[in-house]
Each structure stands twice: as C-alpha cells, then as structure tokens.
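# Tertiary structure, described
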Amino acid sequence: MAKVKTISFQWEGLDKRGGKINGEMLGENSAIIKAQLRKQGITPKKVKRKSEGLFGLGGSSKGKKITTLDITIFLRQLATMSKAGVPLMQGLEIVADGLDNPGMARVVLGVKDEVAAGNDFASCLKKFPDQFDDLTCALIESGEQSGALEQMLDRVAIYKEKSEALKQKISKALKYPITILIIASIVTTILLVKVVPTFEAMFSSFGSELPAATQVVVAMSKWLQANYIVLFGSIIFGVFGMKRAIKGSKKLQAEVDKLKLKLPVVGKILQKGAVARFGRVLSTTFAAGVPLVDALESVAEAAGNVVYRDAILKIRDDVSSGTQMNASIKATGVFPNMVVQMVAIGEESGALDAMLDKVASFYEEEVDNLVDGLTAMIEPLVMAFLGVVVGGMLIAMYLPIFAMGDAM
C-alpha cells in the first residue's frame, strides 16, 4: 500500500455563528481540508499550503525530525490520559500542547482534526503512515472493535517503550566499539600529522641514523601527509558505497545479517535482541486478539534481521497448515530451547501471551547484561590499545634522544 503524503495547510473560515476562525490542518490537498472543515460545521473561506521556510524546514524547530521516541511518548501520554478518564479528543489536545517536538504536535493535532470529523481513531492514525506503523494501527483498531481502547492504548504504549529500550541497548552495543575506534584513529592521525613532523625536523640535525622504530613512524607520517585525502576519501566512499549496495541488494543484506549474528559478543546481543523482539511483539498482538497467523506476519516485519524474519515466516506457514507452534519454532534452529519450552507450556495451558511476555522480559534483561558486559570489557581493551599505539609512537620518537644521551 502506497504511503499518502500529508501536507500542513493554513485555513480561514466562518463557524456556525458566522464568527471568523482560523487554524492549521494536515491533509493530502486543499479539497480534502475543505471537506473536513465542512464536516466540523466550518465554512472555509481560504485554504493555503503552509509556507515551509528555507530548505523546506519551516525554521529550525519546525524541521525537527519525528523519532520513534516521540511516537512512544505520545502513546504513553495518551494512554495515561485515557486511564484517567479524559475523552479522546481532549486527551489529544492536551498531549499535543505538552509535546516538545513541534512536528509531532502538528501530527497529533492532525489526528485530532480527523477524529473530530467523525473518523475512528485507528483510521485517523493510518493517515500518518510515516509516524504510525501498520502494527500500531492494527492493535488500536482491535482495541476499538472490542471496546477496550483504553487497555489497548496502555498495551501499545508498553510495547513501544519496551521496543525502544531494546533498540537503544542494541544500538549502544554496536556504536560503542565503533566510536572508540574512530576516536583512536583521530588521535593517531593527529600524532602522525602534527607531532611526528616536529620531531622529524629536530632529528634531521642529529646527523646520525635513526632507530628502526623511529624510521617506521616517520615513514608512516610522511605517507599519511602525502595521501591523507586519498585515504579518508576512500574510507568515506567505501562506507557509503557499502551502505548503498546493502540497501539495494536483498541478497547482500541477507549475507550481512548472517555475518552480524556470527560476530563475537555483538552477535549474541543481536540474537537475544531478535528473540526478545519476537516474544514482545507476538505477546502483544496475540493478547490483543489478533489471529496467530496474522500476528506472526507482524512479528516477521519487526524481526530486525533477515535470518529471524525468514524463520518466523516459516513458522507462520507451518502454523497455518496445522503444525503446533513450538514444534515449528524448534525446527527453525534459530531459537533457544527455552523459547520452545515456554511456547509449548503456553500452548498447553492456554496462556501463550503470558509465556511469550516472560520470554521477552527474560531476553531483554539478557541483552541489558550483555551490553553492560561488553562495555566493561571494551574499556580496558581500549586503554591498552591506546597505550600501545600512542605510547609506542612516543617511545619511538624519543629513542633517538635517548641514544644521543647514551653517546654523550
């Protein structure tokens, strides 16, 4: 299904009493905006597309990107309002007033306008596909149809919060080593480009042969000074070229995802993260009354790794043909035995959603512990690496001075 682009419009019109009013509304075009206004009892007089400012950003604050965290905060606040007995329309307005991201506030007000026009909440969210994914809309729709929107909002908010926390943990595990390597590379480059040439100028006056270690460092410095543009250009081109190649090739993306799972420590974090995501999404959708086969399809889309996505789709096909889910999970070979056993117990007891929730909580905690362990392990390794690289270079630079002192 193609995503519908919504645009911000400014409008002026007359209310039922003939008074002048104005405001902003999100929609696909001016005709739809006028139709929505008439549904609300407003006679539109002027509707124009809102100016977006320089480079389409509408100012620095208005151009702020809407993140998953913004969506999560909105859903949690709306769920809290709903539990407190605040009507949906009023809740949306209160939440919009309290949001820090102006872009997200405009989206919420757009949803409020759609609800005011008489549309159901799930349909209103579907008009903003860039912010609200199919799974979120399906869960909200299920809650509306069952008359349990308040409980479903809370369940969706919890799901989003857990998913965002898991995403942040995995992101931390992946970014931390890369950040350290970049910092180490910058420090080494500064030493080779700025510090070593100073020593080299001083050594040239000695008139004697430099130690082998010093010659190596000086040669590295000269090479880097002569080729730094080519080196860094190649690195930048290689990184962006690889990203584009992976994005454009499903086969290459699959190979990269498989390779990620085999990485030491990080691979385990990704595996446990995928299992935690499987349990969390499936428990949420299944408890919401979504049929198991449809729920598994939603889980596959949220897997985050092609290996687990393909495994979950295989489980879906097996379940749709009558196979017990625990047997199908075991046959994939990518899920731990604990998951198989917990799912088997859940199927036998009729409490599958509760068992999957326990699976999700357990593996989320496992990811947390692994990330903390990775951080604790990397810190001394980084100190040792910097000590060897930086210390080794400094010693190599001082060797000629030491040798000259011994000769005196």
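Residues numbered from 1 in each chain as written. Predicted model: local features only at pLDDT ≥ 70, side-chain atom pairs only at ≥ 80, totals over all residues. Heavy atoms only, no water.

### Some words on the confidence of the model for the protein
The following threshold applies: Values of pLDDT, ranging from 0 to 100, describe the predictor's confidence in every residue of the model. Going along the chain from the N terminus, every DSSP run of H or I of four or more residues is numbered as a helix, and every run of E of two or more is numbered as a strand. Any two residues having at least one pair of non-hydrogen atoms within 4.5 Å are treated as being in contact.
Across the protein, pLDDT averages 81, with 92% of residues at or above 70. Of all helices and strands in the protein, the one with the weakest mean pLDDT is strand β2 (residues 20-27) (75), whereas helix α13 (residues 325-332) scores best (92). Confidence drops under a pLDDT of 50 for residues 53-62, and excluding neighbours within four residues, the segment shows 10 contacts in the predicted structure.

### Focus on helix α3 (residues 88-98)
Rules: Using a 1.4 Å probe on the protein chains alone, a residue whose accessible area is under 20% of its type maximum counts as buried, one over 50% counts as exposed, and one in between counts as partly exposed. To be clear, the arc concerns the directions from the helix axis to the C-beta atoms.
Residues G91, L92, V95 and A96 constitute the buried set of α3. One side of α3 holds all its buried residues, which, seen down the axis, span an arc of 130°. Packed against the buried residues of α3 are α2 (68-83), α4 (102-116) and α5 (121-126).

### Some details on the nonpolar core
Proteins that are soluble and globular tend to have nonpolar side chains buried together. As a reminder of what qualifies: To define a nonpolar core, start from buried Ala, Val, Leu, Ile, Met, Phe, Trp, Tyr and Cys residues and group those joined through side-chain atoms within 4.5 Å.
Ranked by internal contacts, the top residues of the largest apolar core, which has 76 residues, are F121, F132, F278, M325 and F335. L192, V217, V218 and A396 belong to the second largest nonpolar core, which has 12 residues in total.

### Description of the pattern of salt bridges
Stated formally: Salt bridges are identified by distance alone: a Lys or Arg side-chain nitrogen within 4 Å of an Asp or Glu carboxyl oxygen.
Enumeration according to the criterion identifies 15 salt bridges in this entry. In this structure, E364 and R280 form a salt bridge, with 3.0 Å as the shortest nitrogen-oxygen distance. In this pair, E364 sits in helix α15 (residues 352-407) while R280 sits in helix α10 (residues 266-287), placing the two residues 84 residues apart along the sequence. A residue is classified by how much of its surface remains accessible, and E364, at 8% relative accessible area, is buried.

### Focus: helix α14 (residues 337-349)
Filter applied, for reference: For a helix, the expected span equals 1.5 Å multiplied by the residue count minus one.
A rise of 1.5 Å per residue sets the reference length of α14, with its 13 residues, at 18 Å; its end C-alpha atoms lie 18 Å apart and thus fit the reference within 8%. Within the sequence span of α14, burial applies to V339, V340, M342, V343, A344 and G346.

### Regarding the side chain of T284
Our working rule: The definition of a polar contact used here is a pair of N or O atoms within 3.5 Å, where within protein one atom must be able to donate a hydrogen and the other to accept one, and adjacent residues in sequence count solely through side-chain atom pairs.
When you line up the elements, T284 lands in helix α10. Reaching out from T284, the side chain makes a polar contact with the backbone oxygen of R280 at a distance of 2.8 Å. Ignoring any residue separated from it by four or fewer positions in sequence, one finds T284 in contact with L139, R155 and Y159.

### With respect to a nonpolar patch on the surface
Note the threshold: Grouping into patches uses exposed residues only, defined as over 30% relative accessible area, and leaves out salt-bridged ones; the cut-off is 9 Å for like charges and 5 Å for nonpolar side chains (Val, Leu, Ile, Met, Phe, Trp, Tyr). Areas reported here follow the Shrake-Rupley algorithm with a probe of radius 1.4 Å; residue values treat only the protein chains shown as occluding.
Where nonpolar side chains cluster on the molecular surface, the patch consists of Y228, I229, F232, I235, I236, V239 and F240 and spans about 710 Å² of accessible area. Residue placement: F240 occurs in helix α8 (residues 212-248). Its relative accessible area of 57% is what places F240 among the exposed residues.

### Considering the environment of A219
Within the secondary structure layout, A219 lies in helix α8. Under the relative-accessibility criterion, A219 is labelled partly exposed at 44%. Separated by 20 residues in the primary sequence, A219 and F199 place their C-alpha atoms 13 Å from one another.

### Some details on the packing of helix α6 (residues 134-146) against helix α7 (residues 149-203)
Note the following rule: Whenever a helix is involved, its axis is fitted only over the stretch in contact; in every case the axis is a line through C-alpha atoms, and angles between N-to-C directions fall within 0 to 180 degrees. For classification purposes, an angle smaller than 35 degrees is called roughly parallel, one larger than 145 roughly antiparallel, one from 65 to 115 roughly perpendicular, and anything else oblique. Rotating anticlockwise by less than a right angle from the far helix to the near helix defines a left-handed crossing, while the corresponding clockwise rotation defines a right-handed one.
Contact pair α6 / α7: the axes reach a minimum separation of 8 Å and the direction vectors enclose 155°. Considering the angle they form, α6 stands roughly antiparallel to α7. Once α6 is placed against α7, the crossing between them reads as right-handed. For the pair α6 and α7, the contacting residues are L135, T136, L139, I140, G143 and E144 in the first and L149, M152, L153, V156, Y159 and K160 in the second.

### Focus on unusual backbone geometry
We note that V265 has phi near 65°; this positive angle belongs to a residue other than glycine. Within the fold, V265 resides in the loop between α9 (250-261) and α10.

### Let's talk about the packing of aromatic side chains
Worth spelling out the cut-off: Each Phe, Tyr or Trp ring, with Trp reduced to its six-membered ring, pairs with another whose centre is within 6.5 Å; inter-plane angles below 30 degrees give stacked pairs, above 60 give edge-to-face pairs, and intermediate values give tilted ones. Working rule: Lys NZ or Arg CZ, within 6 Å of ring centre, within 35 degrees of ring normal, means a charge sits over the ring.
This model, assessed by the stated rule, comprises 4 aromatic pairs. When the centroid spacing of 4.8 Å and the interplanar angle of 50° are considered together, the rings of F278 and F335 count as tilted. Note that F278 is positioned in helix α10 and F335 in the loop between α13 and α14, a separation of 57 residues in sequence. Exposure class is identical for F278 and F335. Each is buried. Note on F362 and Y363: the rings are 5.0 Å apart at their centroids and 90° apart in plane angle, and the pair reads as edge-to-face. Residue class for F362 comes out partly exposed when judged on its relative accessible area of 35%. Judged by its relative accessible area of 3%, Y363 is buried. Three or more aromatic residues joined by ring pairs make a cluster, and in this case those are F278, Y308 and F335. In this arrangement the basic side chain of K243 is found over the ring face of F240, its NZ or CZ atom lying 6.0 Å from the centre.

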